[in-house]
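Residue strings, one per chain:
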Amino acid sequence: MTDKKWLVSIALIISVFGFLLIRFASESSKIQYIVDELKGEKEQAFKGRHIVLIEQEQGHPYWQLVEKGATEAAQADNIAIECIGPVRNSIEEQIKLLEKAIASKVDGIIVQGLNDSLFTPVINKAVERGIPVLTIDTDAPTSKRLAYIGTDNVEAGRRLGEIVVQTTGGTGKIGVIIGSESAESQLQRLSGLRSVIDEYKGLQIVDVRASNISMMEAIQQAADMLQLHPDIGMMVGTSATDAFGILQAQKSLKRDDIRIAGFDDLQETLDAIRKGEIEATVVQQPYGMGEMSVHLFNDYFQGRTLPSTQFTKVEVIDKSQLEAERSS
């Protein structure tokens, strides 16, 4: 009987591995096709301006919205756009794609500046070769980029801090899941959050961990944190899938006393807010970021001067707002 269970387990593992291998091959093929187009190995029918959007992770709900805004704006402005990115979050892969975009001599590049020290030299390389660069979502402020389009992440972190204060009454221990320890946007949100928490002697952040923009990792890190610090009363997530990951960990540990605040407006997060399982979320404008970036490039191509920074708005969404929207 034990041997039979062992064989079944092995078969299951092989099946899962096979599925993941096929999916990886499919995604890799898709990205290689796009890279081939950038390198001119596929014939381009479009003869006008050609720009590239390098995403943090292809297929991620947040970046799908950025891509949608960018592609619709490109269509309106008669600009060809390629949207590429790693299958999984990887700074190294993003930089490789940035280098390939430079080698392809595109007319413009939109990219995250995830890590200023790593991205700045490559962004400067692009600009020095006559390719203008816009940073989106996360800035590379010391680079030669034309402009930054995205959230004021320190202020967004402060908005998260205000949710914490309102929810806890200014007392309690806090756990934080951030999207990445190497992404400047995440560190800025954490800084903004801390700046509010530090104003209240009764509040304390006892642990900070990274989800690496992964739902499963958010679940695991939140569960580990809650087991290590059972006195945590509220948890905060600073990237799109973190809050829902925290919620799954809370449910698995049967910790209904944990309050949760999150970031972005994934449908799962909004549904959980309606149910009272998540307190509130700070919402960005990813579609607007993509749209604005392309329109700014269109302005640049027509000889207009761009503002160096273009912040998109953030807002807090809670249950009362969602109920008001439903009844209106």
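Just above, that's the structure.
Given the structure is predicted, the values throughout are model-derived calculations rather than measurements.

Asks: Go over the overall build of the protein chain, please, and point to the residues and values.
Replies: Across its full length, the protein chain holds 11 helices and 12 strands. Of all 328 residues assigned to the protein chain, the portion counted as buried reaches 50%. In the protein chain, once contacts between residues fewer than 6 apart in sequence are set aside, the share between residues at least 24 apart is 72%. About 15,800 Å² of surface is accessible on the protein chain, with carbon and sulfur atoms providing 51% of the total.

Asks: How would you summarise the sheet that holds strand β8 (residues 232–237) if you had to cite specific residues and measurements?
Replies: Within the open sheet, the six strands sit side by side as β7-β6-β8-β9-β10-β12. Their pairing is mixed. Edge positions in the open sheet fall to β7 (203–210) and β12 (315–318), since each of these has one partner strand only. Neighbour-to-neighbour, the strand axes of this sheet turn through a mean angle of 20°, independent of strand direction. Two elements, strand β6 (residues 172–178) and β8, share five bridges in a ladder whose sense is parallel. Residue pairing in the sheet places I177 in a bridge with G237 of β8. Its contacts with the sheet put helix α5 (residues 153–168) on β6, β7, β8, β9 (259–263), β10 (280–283) and β12, and the angle it makes with β8 is roughly 155°.

Asks: Now, about the nonpolar core: what can you tell me, with residues and values included?
Replies: Core analysis: the biggest nonpolar cluster contains 23 residues, and L160, I163, V164, I174, L193 and V282 have the highest contact counts within it. At five residues, α5 tops the list of elements feeding residues into this core. Sequence-distant contacts of I174, defined by excluding residues within four places in its chain, comprise V164, T168, L203, Q204, I205, V206, D207, I232, M234 and V236. With 22 residues, the next largest nonpolar core counts V66, I136, I149 and M289 among its residues.

Asks: Which residues make up the sheet that holds strand β3 (residues 108–111), and what values go with them?
Replies: One key point about sheets: their strands pair by backbone hydrogen bonds, in either a parallel or an antiparallel sense. Reading across the sheet, the six strands line up as β2-β1-β3-β4-β5-β11 and stay open at both edges, with parallel pairing between neighbours. In this open sheet, the two strands that pair with only one neighbour each are β2 (80–84) and β11 (309–311). With direction set aside, neighbouring strand axes in the sheet form an average angle of 15°. Of the pairings in the sheet, the one linking strand β1 (residues 50–54) to β3 comprises four bridges and is parallel in character. Residue pairing for β3: I54 is matched across the bridge by V111. Packing of helix α4 (residues 116–128) onto the sheet brings it into contact with β3 and β4 (133–136), and relative to β4 it is tilted by some 150°.

Asks: Now, about helix α6 (residues 184–197): what can you tell me, with residues and values included?
Replies: In this model α6 runs 20 Å from its N-terminal to its C-terminal C-alpha over 14 residues, within 8% of the 20 Å that 1.5 Å per residue would give. Of all the residues in α6, the buried ones are S185, Q186, R189, L190, G192, L193, V196 and I197. Axial view of α6: buried residues confined to an arc of 160°, hence all on one face. Tucked into the core, α6 has its buried residues touching α5, β6, β7, β8 and β9.

Asks: Go over the pairing of β10 with me, naming the residues and quoting the values.
Replies: Here β10 shows a buried face lined by A280 and V282 and a second buried face lined by T281 and V283. Looking at chain direction, β9 and β10 are connected through three bridges and run parallel. Residue pairing in the sheet places A261 in a bridge with A280 of β10. Sheet topology note: the β10/β12 ladder contains four bridges and is antiparallel. Following the sheet pairing, A280 is matched in β12 by D318.

Rules used in this analysis
Every chain is numbered independently, its residues counted from 1 as its sequence is written. Reporting in this predicted model follows two pLDDT cut-offs: at least 70 for local features of residues, and 80 or more for side-chain atom pairs to be given and counted; totals over whole chains, interfaces and linings ignore these cut-offs and use all residues. Water and hydrogen atoms play no part in the side-chain values, which are based on all heavy atoms of the structure. The helix and strand labels rest on DSSP assignments: H or I over at least four residues marks a helix, E over at least two residues marks a strand, and numbering proceeds from the N terminus. Think of it in three bands: with a 1.4 Å probe and only protein chains considered, a residue is buried below 20% of the maximum accessible area for its type, exposed above 50%, and partly exposed in between. Residue contacts are counted whenever heavy atoms from the two residues lie within 4.5 Å of one another. We get accessible surface area from the Shrake-Rupley algorithm with a probe of 1.4 Å; when it comes to residues, only the shown protein chains can shield them. We treat two strands as partners when DSSP finds at least two bridges between them. Angles shown run from 0 to 180 degrees and are taken between the N-to-C directions of axes, each axis being a line fitted to C-alpha atoms and, for helices, limited to the stretch in contact. Residues belong to a common nonpolar core when they are buried Ala, Val, Leu, Ile, Met, Phe, Trp, Tyr or Cys residues joined through side-chain atoms within 4.5 Å. By this rule, a helix spans an expected 1.5 Å times one less than how many residues it contains. The arc in question is formed by the directions pointing from the helix axis toward the C-beta atoms.

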